[in-house]
Structure formats: structure tokens, C-alpha cells
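Secondary and tertiary structure notes
Listed below, chain by chain, are the residues.
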Amino acid sequence: MRTVISGGTVVTAVGSSPADVLVEGECIVALAAAGSELAEGWAAGADRRIDASGRLVIPGGIDGHTHMEMPFGGTKAADTFETGTKAAAWGGTTTVIDYAIQSRGDSLRQGFDAWLAKADGVCAIDYGFHMIVSDVSEFSLKEMDQLVDDGVSSFKLFMAYPGVFYSDDGQILQAMQRASGNGATVMVHAENGIAIDTLVAQALERGNTAPRFHGETRPSTLEGEATHRAICLAKVTGAPLYIVHLSAMEALDEVTAARDTGQPVFAETCPQYLFLSEEDMARGDFEGAKYVCSPPLRPTAHQAQLWRGLRTNDLSVVATDHCPFCFRQQKELGRENFSKIPNGLPGVEHRMDMIYQGVVSGEITVERWVELTSTTPARMFGLYPKKGTIAPGSDADIVIYNPGLVHTLSAETHHMDVDYSVYEGRRLKGGVETVLSKGRIIVDHGAYHGSAGHGRFLERGLNGYLG
Ligand code: URP
Ligand code: ZN
Ligand code: ZN
């Protein structure tokens, strides 16, 4: 099957130009200047022509941080791999990297196999895994080497959630030592969980049980402190470090300072930290529970700093940390006690559109939008150039994006399997029109043509930002 996408503006991380794209089977095979003889010849011989006039033609989004079906706080995230990857596709994301979890007492391999089984045969788009290490031992440290060979080249450790996923500094140091030997990237959830748990207990003793106390007991200073500590541990070991879901300016300052010294430290933020704030967590009638995630939403003053970090590349990725829990049955678990509200927000469907609002408002360029949401995650997580760009040889994961569309987000119309939207009623400029995954049209002008099982597991290589 030969497909020509013609008349659009091809946008990559390095530039934008009017060009036609030739797709054969699952891959992009060539680009030609719009209107050139070459392009005209392709159009004549193509099996299918997609008219992208007035549209942006971008590489499919890569969401490097999702939690489909994640067990948390006695329940599990509402989206399955089937529903969550389908919702991602609707929003122009054609690859997700989810987090497989090692349960305490189990091996890494058991966790990885369990997550492979959950995703097998049901995903709408391609997917890979990071590995959450929650039981650092001599055995699991050795297992990290094998997992790198099996295409899992990044490992998340938690400074938060004592008794659940938490690792102490010595354990994190050991994982980093192993990573510095096998080339893996260590990802850290940087919040001081020990201090936070004390603040949580004190708040509850005072009868402060409402959702907003989730934020008050997780101050940004303790994210900054943990980020500093993670950077120091990484420095001692020489391992590359990736700070996940960075929310606070104090943490960003630490990342910026480390990067200025040349240390391989990277960080991601998420749309919720750019567009939502602690005021959402303070909504009455338990509505604030919809916005409970960790790290928590911050005062609005942090947002300008995060946009600055996205421009300067001190923040180099935008991922969603998609971890949805239904308001009615799941967030409800914490009605009498904020510490029992399952942590996480829905977002996988709206990342491309939300960050495009930064293009609309002039915070970032359209090329930077593509870089933050597709190209850098592809490089960072060992998928480039198969994913993350529009170039000969790359997978034909392509989004036709209409900058002229205006639409309103709502739980009534979204495709994530969750009963609320954190962006309910928000009007957005720009929207996804057509999505190709490996050459196949899976979304087109409001109709879904994908199928469960089209997505395949991606064995990832090492971080492309290291020498
Ligand atoms: O609140 C969050 N972020 N839930 C998902 C788990 C995590 O820490 O990423
Ligand atoms: Zn986390
Ligand atoms: Zn997460």
C-alpha cells in the first residue's frame, strides 16, 4: 500500500517545510518538496492520497509516562491497556511507555512478564516499558542487566511512598551504580516520602482530612530537596538521571544547576503542572480529589518557571503520568481521609492538544512542541529514529494536525475510561484530524479505525543523549 500525504507542512524538531510524505507499508520512504515533479509522480501512482492542505504533518506523539491498570491504594487505574492506548490514539499519541512494576518479594522479571501479559494483543498503538524497582536486592540489581538486553532500558525508583514503592538512598545508590555499568537510565520520583508521611500523620491528627491537605503535606521544598539528593547520588555513581513528573520550581532549579555543570540529568513535566494548580485541589464538595496526584499541583507561580524550563531544555520531555481513577467509586476511597485518595490523573488523550496551547500562546514554537512530545522522548528512551520524526526509514506514525480546529474537552466526549475530565469545559485551539500508526489510518475526522492488538511491544535501546 502506497500512501501520499500531500499539501501539508511537515514539522519536525528541526524545522517546518511544505513537503509531501510517501509511505509504503509501515514506513515512511521519502519526502519531496510540495508541488515538485517527484511529488506529482507519487500522487499519480499512490493507492491512497491524504490531503493535508492547511494542516501540520507531525510525528506521532510519544507519551513516556503512563500507568494503565496500575494497582494503587487498594484499587487500580481505570484505563486498561486497550482503553488507554485507544484514547491515546484519539489524541495523536502513537507510542506509550508504561511502567511495569516489581512487587515486593518478586523479581523484576515477574513484574515485567506480568505487564507484558496485560498489554499483549490489546494495544491500539505501539508500547514499551520502564521498570519500577520496589525491591532492591543483589538479585534484582543483577536482573537489571538482562532487562536492558530485553529492551527495558530505564528503571524508576521512588523516594516517596514509604512501605510501598520507596527505596532508601543506599538502595537508590546501588541501582544507579548498576545503571552506570549497563547503560540504563535511572528515573526518580523525587519527593521526600519519609518527611511527607510525618506531615500527613500530623495533618490527620488535627482533623485536616480534605483533599487540599494532600498538597499542603507535600511542599515543593521537599520535592526540591529530594531532587537535589537524587542528583548527588547520580553524580557519585556517574549514572544518567531522569526526574519524572517534575512540578516545582525548586526542583527545576536543582536540575538546571546540575545540567549547567554538564551532569547527565534530564527532567520531564506534565500538562497538569502547566495548566492546573493547587486551587483545583481546594475545590469544595470533595471535587478536589479529582486533582490529587503526586507530586501535587502547585501554586500558579510555578507554571511560568516550568514553561521557561521547557524553552531552555532544562525540562526536555512532556509526558502525562496518565493514572486515572474514577471520581465516583475510586477517588471516593479518600472522602474521610485525603491520604487514601488514589494518586493520579487522566491525561493520555489530551497531551498533544494541551501542549499545543503553548504554541498558540507563544510559550514555545511549533518545532519545540514536536520535540517535547515526540522527538526527545524517542531519543531519551531508545526509540529514535524509528519513532519521533518524519524521515525515510522511520515508522509511519504520523498525525495530521489542524491548527484551525476549535474544540472543548469534556468527560462526555473523551475516550479515556474515567468519569471526569480535569480539563472539563476547556476550549482548545488546534486538534487531531488523522492519525496513522505504522502506515494504517487509525483515527480519521472523528472516526476510529484502529484495532486492539495492532500495537506491538517495542524493545528499546539506550538513552540517545549519552555518548
Ligand atoms: O500521582 C501519581 N503520580 N500517580 C502515579 C504514580 C506515580 O508516582 O507516578
Ligand atoms: Zn511517580
Ligand atoms: Zn507516574
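Provided above is the structure to which this section pertains.
Residues numbered from 1 in each chain as written. Chains lettered and ligands numbered in written order. Predicted model: local features only at pLDDT ≥ 70, side-chain atom pairs only at ≥ 80, totals over all residues. Heavy atoms only, no water.

**Thoughts on the overall build of the chain**
- What the chain contains, in helices and strands, is 14 helices and 20 strands.
- For 467 residues, the compact-globule estimate of 2.2 N^0.38 gives 23 Å, and the chain sits close to it at 21 Å.
- If you line up the chain on its principal axes, its C-alpha atoms span 75 × 50 × 40 Å.
- When contacts within the chain are restricted to residue pairs at least 6 apart in sequence, those whose partners lie at least 24 apart make up 76%. (Helix = DSSP H or I, 4+ residues; strand = E, 2+ residues; numbered from the N terminus. Rg over C-alpha atoms; globule rule 2.2 N^0.38 Å. Contact = heavy atoms within 4.5 Å.)

**Notes on the coordination of the zinc ion (ligand 2)**
- For the zinc ion (ligand 2), every protein donor is listed as Lys156 (NZ), His189 (ND1) and His245 (NE2), and the spread of their distances is 2.1 to 2.2 Å.
- Counting along the primary sequence, the residues that act as donors to the zinc ion (ligand 2) give the motif K-x32-H-x55-H.
- Residue His189 is classed as buried on the basis of its relative accessible area, which comes to 1%. (Donors = N, O, S within 2.8 Å, 3.2 Å for Na, K, Ca; no water. Buried < 20%, exposed > 50% of the residue type's maximum accessible area, 1.4 Å probe, protein only.)

**Thoughts on the sheet that holds strand 12 (residues 154-158)**
- A sheet is described by the order of its strands in space; here 8 strands give the open sequence 7-10-11-12-13-14-15-16, paired in parallel fashion. On the outer flanks of this sheet lie strand 7 (61-66) and strand 16 (317-318), each paired with one strand and no other.
- With 5 bridges connecting them, strand 12 and strand 13 (residues 185-189) associate as parallel partners. In the sheet register, Phe155 faces strand 13, and the bridge partner there is Val186.
- Sitting on the sheet, helix 13 (residues 351-360) touches strand 7, strand 10 (93-101) and strand 16, and the angle it makes with strand 7 is about 110 degrees. (Pairing = 2+ DSSP bridges. Axes fitted to C-alpha atoms, helices over the stretch in contact; angles between N-to-C directions.)

**Describing the site of ligand 1**
- Near ligand 1 you find 14 residues, and of these Lys156, His189, Ser294, Asp321 and Asn343 are the closest.
- A distance of 3.4 Å separates an oxygen atom of ligand 1 from a polar side-chain atom of Tyr161.
- Within the side chain of His189, a nitrogen or oxygen atom sits 3.1 Å from an oxygen atom of ligand 1.
- Coverage of ligand 1 by the protein amounts to 100% of the 270 Å² it exposes when considered alone.
- Its residues assigned to classes, the shell around ligand 1 comprises 5 nonpolar, 7 polar and 2 charged. (Near = heavy atom within 4 Å. Polar contact = N/O pair within 3.5 Å; in protein donor to acceptor, adjacent residues only side chain to side chain. Areas by Shrake-Rupley, 256 points an atom, 1.4 Å probe, with all protein chains shown as cover. Nonpolar A, V, L, I, M, F, W, Y, C, P; charged D, E, K, R; others polar.)

**Considerations on the coordination of the zinc ion (ligand 3)**
- Coordination of the zinc ion (ligand 3) by the protein involves His65 (NE2), His67 (NE2) and Asp321 (OD), with metal-donor separations of 1.9 to 2.1 Å.
- Considering all 4 donor atoms around the zinc ion (ligand 3), the spread of angles at the metal, 88 to 138 degrees, places the coordination shape in the irregular class.
- For the zinc ion (ligand 3), all donor residues lie on one chain, and their spacing in sequence is H-x1-H-x253-D. (Tetrahedral: all angles 85-135°; square planar, octahedral: opposite > 155°, others 65-115°.)

**Quick notes on the nonpolar core**
- One finds Phe155, Met176, Val188, Leu241, Ile243, Leu246 and Trp369 to be the most contacted residues of the largest nonpolar core, which totals 131 residues.
- For Met176, the residues in contact, after removing those within four places along its chain, are Val186, Val188, Ala230, Leu233, Ala234, Thr237, Ala239 and Leu241.
- With 15 residues, the next largest nonpolar core counts Val23, Ala52, Val57 and Ile390 among its residues. (Core = buried A, V, L, I, M, F, W, Y, C linked by side-chain atoms within 4.5 Å.)

**Looking at helix 8 (residues 220-237)**
- Between its first and last C-alpha, helix 8 extends 26 Å over 18 residues, near the 26 Å set by a 1.5 Å rise per residue.
- Along helix 8, the positions that sit buried rather than exposed are Ser220, Leu222, Glu223, Gly224, Ala226, Thr227, Arg229, Ala230, Ile231, Leu233, Ala234 and Thr237.
- One or two steps after helix 8, the chain reaches Gly238, where phi turns positive at roughly 80 degrees. (Expected span 1.5 Å × (residues − 1).)

**Overview of the environment of Ala33**
- Looking at the secondary structure, you find Ala33 in strand 4 (residues 27-33).
- Spatially, the C-alpha atoms of Ala33 and Ala19 are 4.6 Å apart, while their sequence positions differ by 14 residues.
- Not counting residues within four places of it along the chain, the set of residues in contact with Ala33 comprises Pro18 and Ala39.

**Regarding the packing of aromatic side chains**
- Throughout the structure, instances matching the rule amount to 21 aromatic pairs.
- Relative to Tyr448, the ring of Trp90 lies with its centre 6.0 Å away and its plane at 25 degrees, an arrangement referred to as stacked. A residue pair is termed long-range when its members are at least 10 positions apart, and Trp90 in helix 2 (residues 81-90) and Tyr448 in strand 20 (residues 447-448) qualify at 358 residues.
- Given the relative accessible area of 17%, Trp90 is considered buried.
- Where Tyr161 meets Phe165, the ring centres are 6.1 Å apart and the plane angle is 70 degrees; that geometry is what we call edge-to-face. (Phe/Tyr/Trp six-rings, centres within 6.5 Å; stacked < 30°, edge-to-face > 60°.)

**Quick word on the environment of Asp63**
- Structurally, Asp63 is set in strand 7.
- With a relative accessible area of 0%, Asp63 lands in the buried category.
- Distance from Asp63 to Asp98, taken between C-alpha atoms, is 8.6 Å for residues 35 residues apart in sequence.
- With residues near it in sequence (within four places) discarded, Asp63 still touches Thr93, Thr95, Val96, Ile97, Ala319, Thr320, Val348 and Arg351.

**Notes on unusual backbone geometry**
- Looking along the chain, the bond that leaves Ser294 and enters Pro295 is cis, with omega of -5 degrees.
- Checked against the element boundaries, Pro295 lands in the loop between helix 11 (278-281) and helix 12 (301-312).
- The residue after Tyr384, namely Pro385, is reached through a cis peptide bond having omega 5 degrees.
- When you line up the elements, Pro385 lands in the loop between helix 14 (366-380) and strand 17 (398-408).
- Within the chain, Glu69 stands out as a residue other than glycine whose phi angle is a positive 55 degrees.

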